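# Structural overview for review
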Amino acid sequence: MAQIIIKSRLTEHGTVPFSFEGGWPYLLGLLADRQVWIGGLGLVASSALWYAGISRIPLSVAFPFAALSYPLIFAGSIVFLHERFSWQSLAGNGLIVLGVVLAATQLP
């Protein structure tokens, strides 16, 4: 969710300028935006939860589940940001989910 919040605010503020003169006003505008702070705090919280998780389970088990962020962002960007849906992206994200299921499944 943090990525979606930050993307929505960056869209509102416009593209990030790569000049020194344009960069400072842009940065100050971002720092004054409460929702950017909420998104940033979400990133910090998600990192803390990730580290708590990998301290408890093997990385080889946890890391495939991290790939589920791609389908979640895909769905969230369509629902909340009204980005374009494509069947090709849906198929690719379906393959990611299938890969996570295969990686997490223990065969006898």
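In the block above lies the structure referred to throughout.
Figured I'd write up the structure that's included with this text. Predicted model, so just to flag it, every value in this text is computed and none were measured. For every chain, the first residue of the written sequence is number 1, and numbering continues from 1 onward in sequence order. A pLDDT threshold of at least 70 governs which residues receive local features in this predicted model, and a stricter bar of 80 or more applies before side-chain atom pairs are shown or counted, although totals over entire chains, interfaces and linings include all residues. Side-chain metrics in this entry use all non-hydrogen atoms of the structure; hydrogen atoms and water are not considered.

## A closer look at the layout of surface pockets
Operational definition: Site definitions follow a grid-based scheme: protein atoms alone, a 1 Å grid, a 1.4 Å probe that fits but cannot get out for cavities, and for pockets an open set with protein on both sides within 12 Å along at least five of seven lines, plus lining residues having an atom within 4 Å of a point. Grid points are joined across faces, edges and corners, and a volume is the space filled by probe spheres set on the points. Only DSSP runs of H or I covering at least 4 residues are called helices, and only runs of E covering at least 2 are called strands; the numbering of each starts at the N terminus. When residues are sorted by character, Ala, Val, Leu, Ile, Met, Phe, Trp, Tyr, Cys and Pro go into the nonpolar class, Asp, Glu, Lys and Arg into the charged class, and all the rest, Gly among them, into the polar class.
The computed volume of the largest pocket comes to approximately 630 Å³. Mapped by element, the contributors of at least two residues to the lining of the largest pocket are helix H1 (2-13), helix H3 (34-54), helix H4 (59-66) and helix H5 (69-81). Per-element tally for the lining of the largest pocket: the top contributor is H3, with eight residues. When grouped by side-chain class, the residues that make up the lining of the largest pocket number 15 nonpolar, six polar and no charged.

## A word on the packing of H1 against H5
The cut-off we apply is this: What counts as an axis is a line fitted to C-alpha atoms, over the stretch in contact for a helix, and the angles between N-to-C directions run from 0 to 180 degrees. Should an angle fall under 35 degrees it is called roughly parallel, over 145 degrees roughly antiparallel, and 65 to 115 degrees roughly perpendicular, with every other angle called oblique. The crossing is said to be left-handed when, going from far helix to near helix, the turn is anticlockwise and less than a right angle, and right-handed when the turn is clockwise. Contact between two residues is taken to exist if any of their heavy atoms lie within 4.5 Å; hydrogens are not considered.
Running from amino to carboxyl end, H1 crosses H5 at an angle of 45°, the nearest separation of the two axes being 10 Å. When the interaxial angle is binned, H1 and H5 end up oblique. The interaxial crossing formed by H1 with H5 has right-handed handedness. In this structure, H1 uses Gln3, Ile4, Lys7 and Ser8 to contact H5, whose residues at the interface are Ile73, Gly76, Ser77, Phe80 and Leu81. In the contact of H1 with H5, the residues fall into four nonpolar, four polar and one charged.

## Thoughts on the packing of aromatic side chains
Here is the rule we go by: Only rings of Phe, Tyr and Trp enter the pairing, Trp through its six-membered ring, and a pair is recorded when the two centres are within 6.5 Å. The plane angle decides the type: under 30 degrees is stacked, over 60 is edge-to-face, the rest tilted.
Considering all chains together, one arrives at three aromatic pairs under this definition. Each ring, one from Phe74 and one from Phe85, has its centre 6.2 Å from the other, and the planes form 40°; the classification is tilted. Remark: Phe85 occurs in the loop between H5 and helix H6 (87-104) and Phe74 occurs in helix H5; sequence separation between them is 11 residues. Aromatic side chains Phe85 and Trp87 sit 5.0 Å apart centroid to centroid with 85° between the ring planes, which places their arrangement in the edge-to-face category. Among the aromatic residues, ring-to-ring pairing joins Phe74, Phe85 and Trp87 into one connected group.

## Structural notes on the pattern of salt bridges
Put simply, the rule reads: Salt bridges, as used here, are contacts in which a Lys or Arg side-chain nitrogen is within 4 Å of a carboxyl oxygen on Asp or Glu. A simple rule labels every residue: compare its accessible area, found with a 1.4 Å probe on the protein chains alone, to the largest value its type can have, and call it buried under 20%, exposed over 50%, or partly exposed in between.
Counted according to the given criterion, the structure contains one salt bridge. Two residues, Arg9 and Asp33, come together in a salt bridge whose shortest N-O distance is 2.7 Å. Of the two residues, Arg9 sits in helix H1 while Asp33 sits in the loop between helix H2 (20-31) and H3, which places them 24 residues apart along the sequence. Here Arg9 falls in the buried class, since its relative accessible area comes to 18%.

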